[in-house]
Amino acid sequence: MLKRFLSEIGAYFLLLSKTLIRPQKASIFGKLFMREVYDLGVNSFGLVLFTSTFVGAVVAIQMFNNFSASSFPVPNSFVGYATKVVLILEFAPTIISVILAGKVGSYIASSIGTMRVTEQIDALDIMGVNSPNFLILPKIAASIIFNPLLIAISIVFGIWGGYLAGIATGSWSKADYITGVQMYMPQHFIWYAFLKTAVFAFLIATIPAYFGYNVKGGSLEVGRASTQAVVWTIVSIIITNLLLTQMFLS
């Protein structure tokens, strides 16, 4: 079991060594990059906005309930501050990345896996094309560049969701919530969030690509590879989140 796991890790890094090199033709890479931006990023806007808005509302309500149950009086403005910090530090970069791992990861694994079982990748190799670089690098670049934008939008809409929750429930005033959102927060929290996002984006693009690229068999194996890709991507995100938190916030 351990031997197989280490073998898979080695094969993953060998694939990366073929992927992370200069593209053979910049013009073709540019077209592929823009297509991946649309497929991996733009198509995820709706899911990110919907999830962020409602979870932001839930976080704000939970913060209000916790502060209300405290034995010490806590100003309602801290609802806005706590919601902002939770969204920036953990929810937006980590939970949204886990959601994207399911949506984007399965798409990457299945699309590359289908190309493998239909021998399209073999055809690229025969023509002298560096297939890992051709297929995977545009996905990596699109994810690393576009995912931080999705996370920034997630933070904004999450905070807005908390604002709407205050209007709907009447538990805290608009002025208190806005005051809390404007309260000082260490700048390195924001840099930490976007650093995590970039690392998670790399994992979301490369791990499913590895599983899809190494599919053997037919359509049934493509489905299994997609499932494995999503599971291992989520596991990698959770472990990496722990390591990054320990490194930068401890």
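Residues numbered from 1 in each chain as written. Predicted model: local features only at pLDDT ≥ 70, side-chain atom pairs only at ≥ 80, totals over all residues. Heavy atoms only, no water.

Digging into the side chain of Ser131
You can see Ser131 is positioned in helix 6 (residues 131-169). The contact partners of Ser131, leaving out residues within four places of it in the chain, are Ile121, Leu124, Asp125, Ile136 and Tyr213. (Helix = DSSP H or I, 4+ residues; strand = E, 2+ residues; numbered from the N terminus. Contact = heavy atoms within 4.5 Å.)

Some remarks on the packing of aromatic side chains
Taken as a whole, this structure holds 12 aromatic pairs when the rule is applied. Their ring planes at 75° and their centres at 5.8 Å tell us that Phe45 and Phe146 sit as a pair that is edge-to-face. In this pair, Phe45 is assigned in helix 3 (residues 45-69) and Phe146 in helix 6, connecting sequence segments 101 residues apart. Classification of Phe45 by relative accessible area gives partly exposed; the value is 24%. On the basis of an interplanar angle of 55° and a centroid distance of 6.3 Å, the ring pair of Tyr163 and Tyr177 is categorised as tilted. One end of the pair, Tyr163, is in helix 6; the other, Tyr177, is in helix 7 (residues 174-181), with 14 residues separating them in the sequence. (Phe/Tyr/Trp six-rings, centres within 6.5 Å; stacked < 30°, edge-to-face > 60°. Buried < 20%, exposed > 50% of the residue type's maximum accessible area, 1.4 Å probe, protein only.)

Considerations on the pattern of salt bridges
According to the stated counting rule, one finds four salt bridges in the structure shown. Note that Lys196 and Glu90 form a salt bridge whose closest N and O atoms lie 3.5 Å from each other. On the criterion of sequence distance, the pair formed by Lys196 in helix 8 (residues 187-213) and Glu90 in helix 4 (residues 77-117) is long-range, its members being 106 residues apart. A relative accessible area of 0% places Lys196 in the buried class. (Salt bridge = Lys/Arg side-chain N within 4 Å of Asp/Glu carboxyl O.)

What about the UniProt feature "transmembrane region" (unreviewed entry) in the chain?
When the UniProt feature table is mapped to this numbering, "transmembrane region" (unreviewed entry) covers residues 45-64, 85-109, 140-168, 189-210 and 230-249. When the span residues 45-64 is considered, its composition is 100% helix and 0% strand, and the gap between its end C-alpha atoms is 29 Å. The straight-line gap between the two end C-alpha atoms of residues 189-210 is 32 Å; of that span, 100% is helix and 0% is strand. (UniProt positions renumbered as here; feature names shortened; annotations may be inferred.)

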